[in-house]
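# Commentary on secondary and tertiary structure
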Amino acid sequence: MSPAAPPLEARMAELTGRHVPFVKATVVRARRPASARPGDTALVLADGRVEGFVGGACAEATVRVQALRTLRSGESLLLRISPEETADGTGEPAVEEGAVSVANPCLSGGELEIFLEPLRPVPRVVVLGESPIARALLAFGPTLGYEITEASGADGIAPEDLAGTQALVIASHGRDEEPVLVAAERAGVPYIGLVASPRRGAAVLDGLTLDAGQRARIHTPAGLWIGARTPGEIAVSILAEVIQAVRGRSMEVGAPPETGSVTAVDPVCGMTVSVGDSTPYSDEGGACSDEGGACSDEGGGERRWFCCAGCRAAYEKDPARYAKADAS
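Read on for a plain summary of the structure. (Residues numbered from 1 in each chain as written. Predicted model: local features only at pLDDT ≥ 70, side-chain atom pairs only at ≥ 80, totals over all residues. Heavy atoms only, no water.)

## Regarding the pairing of strand β10 (residues 167-170)
How we decide: Relative accessibility decides the category of a residue: with a 1.4 Å probe and only protein chains considered, values under 20% of the type maximum give buried, values over 50% give exposed, and everything between is partly exposed. Each helix is a run of H or I in the DSSP string that is no shorter than four residues. Each strand is a run of E no shorter than two, and both are numbered from the N terminus. Two strands pair if DSSP finds at least two bridges between them.
Side-chain alternation along β10 places Ala167 and Val169 on one buried face and Leu168 and Ile170 on a second face that is also buried. Bridge analysis of strand β8 (residues 124-128) against β10 gives four bridges, and the strand direction is parallel. Paired with leucine 128 across the bridge in β10 is isoleucine 170. Pairing between β10 and strand β11 (residues 191-194): four bridges, direction parallel. Within the sheet, the bridge partner assigned to leucine 168 lies in β11 and is isoleucine 192.

Encoded structure:
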């Protein structure tokens, strides 16, 4: 019996199998007193979650920000983290080809070099139907490097079956269309295309148990207008629209939710942090008395985000101090 795969290796295999994008972060160099060691590894998901270990909370915050950027660009990166100022003294990341150096004032000494490798799944396209257009779509899969697979029909498709699917194209000429369209919309498939004439396509959409906004997400007739006539030409026009939708979405947000792509500056240590569900924050605008007296609004009265709980505690103890420092 072979030994079990290490937890992160098994997790990577699971994410890859589900077509979930992520970044593999590996420590390649560490200078004491950094807590991480060469070989330490973590996975950064598109929503900003970090699984594994590449350093403490401060290092992790920097890794999260830079990893999400590589997930959007698709390019690997060597990340250097140091508590010292970058070479130009501006405090901004120093970017060079294939590497970026970041000054992290939150680090308690030490330096880290971490290799960030974005692993974005091959676009998965599901095709329903046995028509000549459907067969032409399937034939283009190897050429594009896409995973284009044939669906079995309405009984075999549920929202969970479409997880990780970037595009669904229905070219079944009236067979099993409505339940699959509804399942795809509920699964949040980015591109949904229905091969039909304008009149029939509109009739199909009108009969769906979806609201107007949901129906508007379905492309029918599927494909860009390029004067296509043959099944092969129509397949090309549909795949061109799929590419436009999939790659356009990747360029805009890299497929991560918006919480993973928004950054803020920690008012205590000055670090850039990625805003996500697990990012420490405070809504404190100033100190309030326990007796319900007036509150000071010197802290700005807005949400502040922090690299770690320690910076949040320091801010909440004296928000006016950091508001003034931020304004200076």
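## Some details on the sheet that holds strand β4 (residues 77-82)
The criterion, for reference: Here an angle of 0 to 180 degrees is reported between the N-to-C directions of two axes, which are lines fitted to C-alpha atoms, with helices fitted over the stretch in contact. Contact between two residues is taken to exist if any of their heavy atoms lie within 4.5 Å; hydrogens are not considered.
As summarised here, the arrangement of the seven strands in space is β3-β2-β1-β7-β4-β6-β5, forming an open sheet in which the pairing is mixed. A strand with exactly one partner marks an edge of an open sheet, and here the two such strands are β3 (50-52) and β5 (94-96). Ignoring which end each strand starts from, the neighbouring axes of this sheet average 20° apart. Examined bridge by bridge, strand β1 (residues 22-31) and strand β7 (residues 111-119) share nine bridges and lie antiparallel to one another. Considered in β7, the bridge of lysine 24 is made with glutamate 117. Across the face of the sheet, helix α1 (residues 7-17) comes into contact with β1, β2 (41-45), β3 and β7 while running at roughly 25° to β2.

## Considerations on the sheet that holds strand β9 (residues 147-150)
Here we have five strands laid out as an open sheet, ordered β9-β8-β10-β11-β12, and parallel in their pairing. Two strands lie at the open edges of the sheet, namely β9 and β12 (218-219), each paired on one side alone. Pairing analysis gives two bridges linking β11 to β12, with the strands arranged parallel. Paired with glycine 193 across the two strands is histidine 219, which belongs to β12.

## Let's talk about unusual backbone geometry
Cis peptide bonds are those with omega within 30 degrees of zero, and the linkage from threonine 220 to proline 221 qualifies with -5°. Summarising the element assignment, proline 221 is placed in the loop between β12 and α8 (231-253). Residue histidine 173 is not a glycine yet carries a positive backbone phi of 55°. Inspection of the secondary structure puts histidine 173 in the loop between β10 and α5 (177-187).

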